[in-house]
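Spelled out from the first residue to the last, the chains are:
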Amino acid sequence: MHDDALVNHDFHCPYCDAPLTFVIDTSQGSHATWEDCHQCCAPIQLEIIISPMTGELEAVLTGRDDDVF
């Protein structure tokens, strides 16, 4: 892992609307993961989309645990 592969991503919790920042490692490629909200501890789905051509972060989809991506 290289420091240039780490990207800060800011968004709001889909449950309590608390502002959050997560560090995304773009060297892992596109993937799905779960993180807990630091405020309300609810589980948040994250769908990380990395460009296969450039290796850069294209999008981050966030949702509640019962949302379907």
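The residue count restarts for each chain, going from 1 along the sequence in the order it is written. Only residues with pLDDT of at least 70 get local features here, since the model is predicted, and only at 80 or more are side-chain atom pairs given and counted; chain-wide, interface and lining totals rely on the full set of residues. The basis for the side-chain values is all heavy atoms of the structure; hydrogens and waters are excluded.

1. Quick look at the layout of surface pockets
Regions of empty space are outlined by a rolling probe, equal in size to a water molecule, passed over the atoms.
Step number 1: Each cavity reported here is a set of points on a 1 Å grid over the protein atoms alone in which a 1.4 Å probe fits but cannot get out, each pocket an open set with protein on both sides within 12 Å along at least five of seven lines, and each lining residue one with an atom within 4 Å of a point. Grid points are joined across faces, edges and corners, and a volume is the space filled by probe spheres set on the points. Put simply, the largest pocket is a space of about 160 Å³.
Step number 2: Lining the largest pocket are 13 residues; nearest its centre among them are Val-23, Ile-24, His-31, Thr-33 and Glu-35.
Step number 3: Numbering of helices and strands runs from the N terminus, with a helix taken as a DSSP run of H or I at least four residues long and a strand as a DSSP run of E at least two residues long. Put simply, the parts of the chain that give the lining of the largest pocket at least two residues each are β1 (6-12), β2 (19-25), β3 (31-36) and β4 (43-50).
Step number 4: Among the elements that take part in the lining of the largest pocket, β2 stands out by supplying 4 residues, more than any other.
Step number 5: Polar here means any residue outside two lists: the nonpolar Ala, Val, Leu, Ile, Met, Phe, Trp, Tyr, Cys and Pro, and the charged Asp, Glu, Lys and Arg; Gly therefore counts as polar. Of the residues contributing to the lining of the largest pocket, the split by class is 7 nonpolar, 4 polar and 2 charged.

2. With respect to the side chain of Thr-26
Step number 1: In this fold, Thr-26 is placed in the loop between β2 and β3.
Step number 2: By relative accessible area, Thr-26 is classed as buried at 10%.
Step number 3: The contact rule is simple, with two residues in contact once any of their heavy atoms fall within 4.5 Å. Setting aside its immediate chain neighbours within four residues, Thr-26 contacts Ala-5, Val-7, Ile-50, Gly-55 and Leu-57. Only protein chains enter the accessibility calculation, which uses a 1.4 Å probe; a residue is then buried when its area is under 20% of its type maximum, exposed when over 50%, and partly exposed in between.

3. Quick notes on the pairing of β4
Step number 1: Relative to β4, β3 runs antiparallel, the two sharing 6 bridges. Across the sheet, residue Trp-34 finds its bridge partner in β4, namely Gln-45.
Step number 2: If DSSP finds at least two bridges between two strands, the strands pair. In sequence, β3 turns back onto β4 through a hairpin of 6 residues, with Cys-41 there showing a positive phi of about 70 degrees.
Step number 3: In terms of strand pairing, β4 meets strand β5 (residues 57-64) through 7 bridges, oriented antiparallel. Paired with Gln-45 across the strands is Gly-63, a residue of β5.

4. Re the nonpolar core
Step number 1: For our purposes a nonpolar core is just a set of buried Ala, Val, Leu, Ile, Met, Phe, Trp, Tyr and Cys residues, chained together by side-chain atoms within 4.5 Å. With 12 residues, the main nonpolar core is built from Phe-11, Cys-13, Ala-18, Leu-20, Phe-22, Ile-24, Cys-37, Ile-44, Leu-46, Ile-48, Ile-50 and Val-60.
Step number 2: Of all the elements in the fold, those that place two or more residues in this core are β2 and β4.
Step number 3: A total of 4 residues in this core trace back to one element, the largest contributor, which is β4.
Step number 4: Setting aside its immediate chain neighbours within four residues, Leu-46 contacts Phe-11, Phe-22, His-31, Ala-32, Thr-33, Glu-35, Val-60, Leu-61 and Thr-62.

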